[in-house]
Amino acid sequence: MEKFTTLTSSIVPLPIENVDTDQIIPARFLKATSKDGFGDNLFRDWRYDSNNQPIKDFVLNNPTYSGSILVAGKNFGSGSSREHAAWAVAGYGFKVVVSSFFADIFKNNSLNNGVLPVVVSEDFLAGIFASVKINPLTTLTVNLEEQSITNDANGTFENFQINTYKRNCLLNGYDDIDFLLSNKDKIENWEKSSSVAE
């Protein structure tokens, strides 16, 4: 995974509440076991009509908005525990998803796939949507080391919580196996000292 320290990006606003994993990636796309291509089907049934034509008023089809930060309404990623939803978000190119509430399983799946879920207050979230409505090029700055998110349009910021282990993994670009390998010497030394003690 790529290291994540600080990201400043324009945003893609999705002010819809209770977005579930079937809306993020429809069930018919779950047969694949590789992560490849899932980004193409992110929000598939919202992006395309029954004739596979882009739906013009859906935000991902609107060239006005772009960036690697998705800002969603409250309760993003509810429903089934499919990891494919996080694959689709990451595959599309989002590095951060901001909401006032995430389903726990989606949050963990995102962290495992290099996507940072940032929980903000409902007031802060509303402020982001208001800023991007005024200026579609509004940017957010997410600083993982400081655990802060800033609305660059008005300078307001909040701190967010993240699991210490997952924070360390993202800062170093580790998945779980990489983390274990990074501690190989410590593990081997502990094993040696334990066998001597026995």
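Above this note sits the structure.
Notes on the structure in this doc start here. Remember, predicted model here, so these are calculated numbers, not experimental data.

## A few points about the pattern of salt bridges
For the structure shown, the criterion picks out four salt bridges. We note a salt bridge from Lys-95 to Glu-2, for which the minimum N-O separation is 3.4 Å. With Lys-95 in the loop between helix H3 (84–92) and strand E5 (96–99) and Glu-2 in the segment before strand E1 (6–14), this residue pair connects regions lying 93 residues apart in the sequence. One salt bridge in this structure joins Arg-82 and Asp-22, with 3.1 Å as the shortest N-O distance.

## Some details on the sheet that holds strand E7 (residues 139–143)
Pairing within the open sheet is mixed, and its seven strands lie in the order E6-E5-E3-E1-E7-E8-E9. Strands at the two margins of the open sheet, each flanked by one partner only, are strand E6 (116–119) and strand E9 (156–159). Ignoring strand direction, the axes of neighbouring strands in this sheet form an average angle of 25°. Its contacts with the sheet put helix H5 (residues 122–134) on E1, strand E3 (69–72), E5, E7, strand E8 (148–151) and E9, and the angle it makes with E8 is roughly 35°.

## Side note on unusual backbone geometry
In this structure, Asn-75 takes a positive phi of about 70° despite not being glycine. Looking at the secondary structure, you find Asn-75 in the loop between E3 and strand E4 (76–78). According to the relative accessible area criterion, Asn-75 is buried, its value standing at 18%. Of note, Gln-147 is a non-glycine position whose phi angle comes to about 55°, a positive value.

## With respect to helix H6 (residues 164–172)
All buried positions along H6 are accounted for by Lys-166, Cys-169, Leu-170 and Leu-171. At the N-terminal end of H6, a side-chain oxygen is found 2.9 Å from the backbone nitrogen of Tyr-165, two or three residues along, and the residue is Asn-163.

## Thoughts on the layout of surface pockets
One number sums up the size of the largest pocket: a volume of about 320 Å³. Every residue lining the largest pocket is counted, 18 residues in all, and those nearest its centre are Glu-2, Lys-95, Asn-113, Gly-114 and Val-115. For the lining of the largest pocket, the residue count by class is seven nonpolar, six polar and five charged.

Reading the values: rules and limits
- Numbers given for residues are sequential positions, taken from 1 along each chain in its written order.
- Per-residue local features are limited, in this predicted model, to residues with pLDDT of at least 70; the limit for side-chain atom pairs, both in listing and counting, is 80 or more; totals at the level of whole chains, interfaces and linings are taken over all residues.
- Derived side-chain values reflect all non-hydrogen atoms in the structure, with water molecules and hydrogen atoms excluded from consideration.
- Each reported salt bridge corresponds to a side-chain nitrogen of Lys or Arg within 4 Å of a carboxyl oxygen of Asp or Glu.
- Going along the chain from the N terminus, every DSSP run of H or I of four or more residues is numbered as a helix, and every run of E of two or more is numbered as a strand.
- In this analysis, strands are considered paired if DSSP registers two or more bridges between them.
- Axis definition: a line fitted to C-alpha atoms, limited for helices to the stretch in contact. Angles are taken between N-to-C directions and run from 0 to 180 degrees.
- In this description, contact between two residues means that some pair of their heavy atoms is separated by no more than 4.5 Å.
- Note on exposure labels: buried denotes an accessible area under 20% of the residue type's maximum, exposed denotes more than 50%, and partly exposed covers the range between, all computed with a 1.4 Å probe on protein chains only.
- Pairs of N or O atoms within 3.5 Å make up the polar contacts considered here, provided that, within protein, one atom can donate a hydrogen while the other can accept it, and that residues adjacent in sequence are counted only when both atoms are side-chain atoms.
- Residues are called lining when one of their atoms sits within 4 Å of a cavity or pocket point, these points coming from a 1 Å grid over the protein atoms alone, where a cavity is a set in which a 1.4 Å probe fits but cannot get out and a pocket is an open set with protein on both sides within 12 Å along at least five of seven lines.
- Grid points are joined across faces, edges and corners, and a volume is the space filled by probe spheres set on the points.
- Only Asp, Glu, Lys and Arg are considered charged, only Ala, Val, Leu, Ile, Met, Phe, Trp, Tyr, Cys and Pro nonpolar, and every remaining residue, Gly among them, polar.

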